Amino acid sequence: MTQPDPTPLSPKKLHLSKWTAAQPANKEKHFIVIKVIEPEPPATMITDIELQAVHSGRVQVLPWRALTDPAVWRRGWL
């Protein structure tokens, strides 16, 4: 059993961070955050990111908080 990551995530520091899918699909295991989507207006909180699969180059938009689910994502490339 893996232990939770002691360092909390900050949406402002996610840009270019690396992630591993806990259950890879279509040979897409490693991902990188290519963009933190700035909200309109800028005073509101960041909610979404763009995540790119290293193998295929496929890009998906998802809420940054989805990365905190250890059943789906692991921090770093494992």
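Residues numbered from 1 in each chain as written. Predicted model: local features only at pLDDT ≥ 70, side-chain atom pairs only at ≥ 80, totals over all residues. Heavy atoms only, no water.

Q: Quick question: what am I supposed to make of the overall build of the protein here?
A: Each helix and strand in the protein was counted, giving zero helices and five strands. Taking 12 Å as the expected radius of gyration for a compact globule of 78 residues, we find that the protein reaches 13 Å, a close match to that expectation. Expressed as lengths along the three principal axes of its C-alpha atoms, the size of the protein is roughly 40 × 30 × 15 Å. Every one of the 78 residues in the protein was classed for burial, and the buried ones make up 27%. Taking the contacts inside the protein whose residues are at least 6 apart along the sequence as the reference set, 41% of them involve residues at least 24 apart. (Helix = DSSP H or I, 4+ residues; strand = E, 2+ residues; numbered from the N terminus. Rg over C-alpha atoms; globule rule 2.2 N^0.38 Å. Buried < 20%, exposed > 50% of the residue type's maximum accessible area, 1.4 Å probe, protein only. Contact = heavy atoms within 4.5 Å.)

Q: It is not clear to me how unusual backbone geometry should be interpreted in this structure. Could you clarify?
A: Most peptide bonds take the trans form, and the phi angle of most residues other than glycine is negative. Omega for the bond connecting Glu 40 with Pro 41 falls within 30 degrees of zero, at -10 degrees, which places this linkage in the cis form. Even without being a glycine, Asn 26 presents a positive backbone phi close to 55 degrees. Inspection of the secondary structure puts Asn 26 in the loop between strand 1 (18-25) and strand 2 (28-37). When its relative accessible area of 68% is taken as the criterion, Asn 26 is described as exposed.

Q: Teacher, can you tell me more about the pattern of salt bridges here?
A: Side chains that differ in sign of charge can pair as their charged atoms come close. Taken as a whole, this structure holds one salt bridge when the rule is applied. The salt bridge involving Glu 28 is made with Arg 58; its shortest N-O contact spans 2.6 Å. Note that Glu 28 is positioned in strand 2 and Arg 58 in the loop between strand 3 (48-53) and strand 4 (59-63), a separation of 30 residues in sequence. Judged by relative accessible area, Arg 58 falls into the partly exposed class, the value being 39%. (Salt bridge = Lys/Arg side-chain N within 4 Å of Asp/Glu carboxyl O.)

Q: Looking at this structure, I do not really get the nonpolar core. What am I missing?
A: Nonpolar side chains tend toward joint burial in soluble globular proteins. One finds Leu 14, Trp 19, Val 33, Ile 49, Leu 51, Leu 67 and Trp 73 to be the most contacted residues of the largest nonpolar core, which totals 15 residues. Mapped by element, the contributors of at least two residues to this core are strand 1, strand 2 and strand 3. Excluding anything up to four places from it in sequence, Leu 51 contacts Trp 19, Phe 31, Ile 32, Val 33, Arg 58, Val 59, Gln 60, Leu 62, Leu 67 and Trp 73. (Core = buried A, V, L, I, M, F, W, Y, C linked by side-chain atoms within 4.5 Å.)

Q: Teacher, can you tell me more about the sheet that holds strand 3 here?
A: Two orientations exist for strands paired in a sheet by backbone hydrogen bonds: parallel and antiparallel. Taken in spatial order, the five strands line up as 4-3-2-1-5 in an open sheet, and their pairing is antiparallel. Unpaired on one side and paired on the other, strand 4 and strand 5 (73-75) mark the two borders of the sheet. Each neighbouring strand pair of the sheet contributes to a mean axis angle of 35 degrees, computed without reference to strand direction. Across five bridges, strand 3 lies against strand 4 in antiparallel orientation. For Glu 50, the partnering residue across the bridge sits in strand 4 and is Val 61. (Pairing = 2+ DSSP bridges. Axes fitted to C-alpha atoms, helices over the stretch in contact; angles between N-to-C directions.)

Q: Help me understand the side chain of Thr 20, please; the structure alone is not making it clear to me.
A: With respect to the helices and strands, Thr 20 occurs in strand 1. Each residue touching Thr 20, except ones within four places of it in the same chain, is listed here: Lys 29, His 30, Val 72, Trp 73, Arg 74, Gly 76, Trp 77 and Leu 78.

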